[in-house]
Amino acid sequence: MPLRAQHAHGQVNNLVSVDNKLYHFGFILGLNMMDFNPMHSSVVDEDGKVWFGEDTRLMPGFSVGIISDLRIFSWLNMRFTPILLFNQRNLVFRDSEGVECEDGAITVQSNIMEFPLSFKIRGQRKHNYRPYMLAGAAMTVDMGRDSENSIMLKQVDYGVEFGVGIDFYLPYFKLCPELKFYFGLGDVLERDRPEIADISDMKYTHAISKLTSRLIVLSFNFE
């Protein structure tokens, strides 16, 4: 009977007992894109101008991480997946007349270590694939801060994340393409800048009342 089930419709099921393990590990390789969600303060600078910032020129970055997975139920797993993301973000400031600032785009290097704790809700397995959804919370630590930049970020942020993916059962391991979205909840803009002597250099910081972070991560998980 097991042989008949495995060979039904010419399909051989791989790793038939892998999802019964209490815990397992793996690693992550992937791509990411980062941007900001700025909220404007409408503060007038010393020259009588009001500046508005926007995030432009999205660029792909590289991600690498590890997976720790704990089985709770047959359809629910808890996962801790710390991941290191390398990328940069660009802020362009324009005044109320649409004229871009003379400094051009401000590049913010973002080497972020993310520590997400999430729950993986798995659907019904169909032969050698199984869809799933993710939901959880994450803390991020920015390790690429530059104190000489016009815009500097706080080192720690927190937020929520959601995602979807598919487990593909191969003969020796699972390959899991996964798409996740992170939405930061805290203000990541560093306002305490004692190293800046000229107050006019703070006009871009003063132009933003709150700056939140967003991440899109396309991962290939090997488990």
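Residues numbered from 1 in each chain as written. Predicted model: local features only at pLDDT ≥ 70, side-chain atom pairs only at ≥ 80, totals over all residues. Heavy atoms only, no water.

Enquirer: Any details on the packing of aromatic side chains? Residues and values, ideally.
Expert: In this structure the tally under the stated criterion is 4 aromatic pairs. Arranged with centres 5.9 Å apart and planes meeting at 65 degrees, the rings of Y23 and F25 form a pair that is edge-to-face. An identical accessibility class is assigned to Y23 and F25; each is exposed. On the numbers, 4.9 Å between centres and 10 degrees between planes, the contact of F27 with F222 is stacked. Residue F27 is found in strand β1 (residues 23–40), and its partner F222 is found in strand β10 (residues 208–222); the two are separated by 195 residues along the sequence. A relative accessible area of 24% places F222 in the partly exposed class. Counting every residue linked through ring pairs, the aromatic cluster contains F27, F173 and F222. Residue placement shows R125 over the ring face of Y169; its charged tip is 3.7 Å from the ring centre. (Phe/Tyr/Trp six-rings, centres within 6.5 Å; stacked < 30°, edge-to-face > 60°. Buried < 20%, exposed > 50% of the residue type's maximum accessible area, 1.4 Å probe, protein only. Helix = DSSP H or I, 4+ residues; strand = E, 2+ residues; numbered from the N terminus. Lys NZ or Arg CZ within 6 Å of the ring centre and 35° of its normal.)

Enquirer: Please give an account of the pattern of salt bridges that cites residues and values.
Expert: Across all of its chains, the model carries 10 salt bridges by this definition. Between R79 and D69 there is a salt bridge; the shortest N-O distance is 2.7 Å. Placement of the pair is R79 in strand β4 (residues 76–80) and D69 in strand β3 (residues 61–73), with a sequence separation of 10 residues. In this pair, the class of R79 matches that of D69, namely buried. A salt bridge links R79 to E223, with the nearest nitrogen and oxygen atoms 3.1 Å apart. Taken as a pair, R79 in strand β4 and E223 in the segment after β10 lie far apart in primary sequence, 144 residues in all. There is no split in this pair, since R79 and E223 are both buried. (Salt bridge = Lys/Arg side-chain N within 4 Å of Asp/Glu carboxyl O.)

Enquirer: Quick rundown of the confidence of the model for the protein? Include the residues and the values.
Expert: In this model, the protein carries an average pLDDT of 87, and 90% of its residues clear a pLDDT of 70 or more. Helix α1 (residues 2–6) is the least confidently modelled element of the protein, averaging 47 in pLDDT, while β4 averages 97, the highest of any element. (pLDDT = per-residue confidence, 0-100.)

Enquirer: Which residues make up the nonpolar core, and what values go with them?
Expert: Counting residues in hydrophobic clusters, the biggest one holds 15 residues, and the most contacted among them are F36, F93, I151, L153, Y204 and L211. Taken together, the elements giving at least two residues each to this core come down to β5 (83–95), β6 (106–122) and β10. Ignoring anything within four residues of it in the chain, the contact list for L211 reads F36, N37, P38, L91, L153, G186, D187, V188 and L189. Grouped together as the second largest cluster of nonpolar side chains are 10 residues, I28, I83, I112 and V217 included. (Core = buried A, V, L, I, M, F, W, Y, C linked by side-chain atoms within 4.5 Å. Contact = heavy atoms within 4.5 Å.)

Enquirer: Explain unusual backbone geometry residue by residue, including any values.
Expert: Look at L15: it is not a glycine, yet its phi comes out positive at around 50 degrees. With respect to the helices and strands, L15 occurs in the loop between α1 and β1. Unlike most non-glycine residues, H127 shows phi in positive territory, near 55 degrees. The residue H127 is located in the loop between β6 and β7 (129–142) in this model.

Enquirer: Let's hear about the side chain of D69: which residues, and what values?
Expert: Relative accessible area serves as the criterion here: at 3%, D69 is assigned to the buried category. Among the polar contacts listed, one links the side chain of D69 to the side chain of R79, at a separation of 2.7 Å. Once residues within four sequence positions are removed from consideration, D69 is found in contact with L22, Y23, H24, N77, M78, R79 and K120. (Polar contact = N/O pair within 3.5 Å; in protein donor to acceptor, adjacent residues only side chain to side chain.)

Enquirer: So what about the environment of M39? Which residues, and what values?
Expert: Note on placement: M39 falls in strand β1. Accessibility expressed as a relative area gives 39% for M39, which makes it partly exposed. A C-alpha to C-alpha distance of 17 Å links M39 and L215, two positions 176 residues apart in sequence. For M39, the contacting residues outside a window of four places in its chain are A207, I208, S209 and K210.

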